[in-house]
Amino acid sequence: MTFPSYRDRYLPAMTPRRIEALPDKEWAPVILATGAIEQHGPHLPVAVDALMGQVWLSLAIARLPAGASCYVAPPITIGKSNEHTGFPGTLMISRDTLRSQILAVARQVHAWGFRSLAVINTHGGNVPVLIPTLREIRALYGLRAGVLPSRPVPDLSEHEATFGIHAGELETSWVMAAALQHTDPARAVCEYPAKLGDPGEVRPVAAPALVAWISRDISKSGVMGDATAATAEKGRRWLELGAEGYAEAIAEACRAGRPQPPP
Ligand SMILES: [Zn+2]
């Protein structure tokens, strides 16, 4: 795979004069990828989440429909990964640092004249920081600010769809399709953190009885899901579907940001 396909939309690659002259800053979103560098089991590189942000951008922007536009901010590659404490290879920043970094990007792109910020987030641990920070951005700078939604993935087993939450069939398949040379599929394992019908301590983020688990509590290998079921072929199919979904979400952000004609 050759990427990034979005080189000509990457803000750090532009001169100040070019950024100043961009004609669609009122409505074209600036896309900020928020990822993570953290253990992803014995078979995947630790940069999976940071890498996937670049893969999605590269694939989605190549599929943007006519009339849509966007620009790309430098990614935040290290995320809030304290849940992966104790595994080698995990880097992390605090929630306060993550919030400050996102706010700093928003403040500056607003100062450059952009009016819309869209986050493509590839790490679940960032979500509890992201949502209130985007609301803060709206309140502080008046930017439209949101998260690009990911598409639901078809053909996963119920167990994988419910508890394949980290380095399982889905993520492993994506990375095998996008960067096989950085994987070690022979070391893939199947380890679910909970049984169907008995979630134990693994509850959805919004559940009332949330237990603050860290990965060590619920997985020996660091895998939560069935990585042995992954294939590059599934990965290619799911990357295609996911990229279409993100391209549509970017186009929707463009529509939402355009000034409405008077009634
Ligand atoms: Zn991941």
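Use the structure listed above.
Keep in mind that what you see is a predicted model, and the values were worked out from it rather than measured. (Residues numbered from 1 in each chain as written. Predicted model: local features only at pLDDT ≥ 70, side-chain atom pairs only at ≥ 80, totals over all residues. Heavy atoms only, no water.)

Engineer: Could you clarify how one ought to interpret the nonpolar core in this entry?
Structural biologist: Among soluble globular proteins, nonpolar side chains are generally buried collectively. Counting residues in hydrophobic clusters, the biggest one holds 66 residues, and the most contacted among them are Leu-117, Ile-137 and Leu-239. Elements with a contribution of two residues or more to this core: β1 (30–34), α2 (48–61), β2 (71–72), α3 (95–112), β3 (116–121), α4 (127–141), α6 (169–179) and α8 (232–257). No other element matches the nine residues that α8 contributes to this core. Among residues more than four places away in sequence, those in contact with Ile-137 are Ile-102, Leu-103, Ala-106, Leu-117, Gly-142, Leu-143 and Ala-145. Phe-163, Ala-194, Val-202 and Ile-218 belong to the second-largest nonpolar core, a separate cluster that totals five residues. (Core = buried A, V, L, I, M, F, W, Y, C linked by side-chain atoms within 4.5 Å. Buried < 20%, exposed > 50% of the residue type's maximum accessible area, 1.4 Å probe, protein only. Helix = DSSP H or I, 4+ residues; strand = E, 2+ residues; numbered from the N terminus. Contact = heavy atoms within 4.5 Å.)

Engineer: It is not clear to me how the packing of aromatic side chains should be interpreted in this structure. Could you clarify?
Structural biologist: Following the criterion strictly, the structure yields four aromatic pairs and no others. Taken together, a centroid distance of 5.2 Å and an interplanar angle of 85° make the contact between Trp-56 and Trp-174 edge-to-face. One end of the pair, Trp-56, is in helix α2; the other, Trp-174, is in helix α6, and 118 residues separate them in sequence. Following the ring pairs from residue to residue traces out a cluster consisting of Trp-56, Trp-174 and Tyr-246. The ring centre of Phe-114 lies 5.9 Å from the NZ or CZ of Lys-25, which sits over that ring. (Phe/Tyr/Trp six-rings, centres within 6.5 Å; stacked < 30°, edge-to-face > 60°. Lys NZ or Arg CZ within 6 Å of the ring centre and 35° of its normal.)

Engineer: Would you mind going over the coordination of the zinc ion with me for this structure?
Structural biologist: Angles at a metal have ideal values that depend on geometry: 109.5 degrees with four tetrahedral donors, 90 or 180 degrees with six octahedral donors. At the metal site, the zinc ion is ligated by His-40 (NE2), Asp-49 (OD) and Glu-171 (OE), and these contacts range over 1.9 to 2.0 Å. Look at where the donors of the zinc ion fall in the sequence and you get H-x8-D-x121-E. Take Asp-49: its relative accessible area is 3%, and that puts it in the buried class. (Donors = N, O, S within 2.8 Å, 3.2 Å for Na, K, Ca; no water.)

Engineer: Looking at this structure, how should I read the pattern of salt bridges?
Structural biologist: As a working rule, side chains carrying opposite charge can pair if their charged atoms are close by. Taken as a whole, this structure holds eight salt bridges when the rule is applied. Notably, a salt bridge pairs Arg-63 with Glu-240, separated by 2.8 Å at the nearest N-O pair. Linking Arg-63 in the loop between α2 and β2 with Glu-240 in helix α8, this pair joins segments that are 177 residues apart in sequence. For the salt bridge of Asp-155 with Arg-237, the shortest nitrogen-to-oxygen distance reads 2.6 Å. Separated by 82 residues along the polypeptide, Asp-155 in the loop between β4 (144–147) and α5 (158–163) and Arg-237 in helix α8 bring together distant segments of the chain. A relative accessible area of 36% places Arg-237 in the partly exposed class. What you see here is one network of salt bridges that share partners, running through Arg-151, Glu-244 and Glu-248. (Salt bridge = Lys/Arg side-chain N within 4 Å of Asp/Glu carboxyl O.)

Engineer: What am I meant to see in the side chain of Glu-171 here?
Structural biologist: Mapping Glu-171 onto the fold places it in helix α6. Despite its burial, Glu-171 remains without a salt bridge, the nearest opposite charge being carried by Lys-80 at 15 Å. At 2.6 Å, the side chain of Glu-171 forms a polar contact with the backbone nitrogen of Ala-167. When sequence neighbours within four positions are dropped, the list of residues in contact with Glu-171 reads His-40, Leu-44, Val-48, Asp-49 and His-166. (Lys, Arg positive; Asp, Glu negative; His and termini not counted. Polar contact = N/O pair within 3.5 Å; in protein donor to acceptor, adjacent residues only side chain to side chain.)

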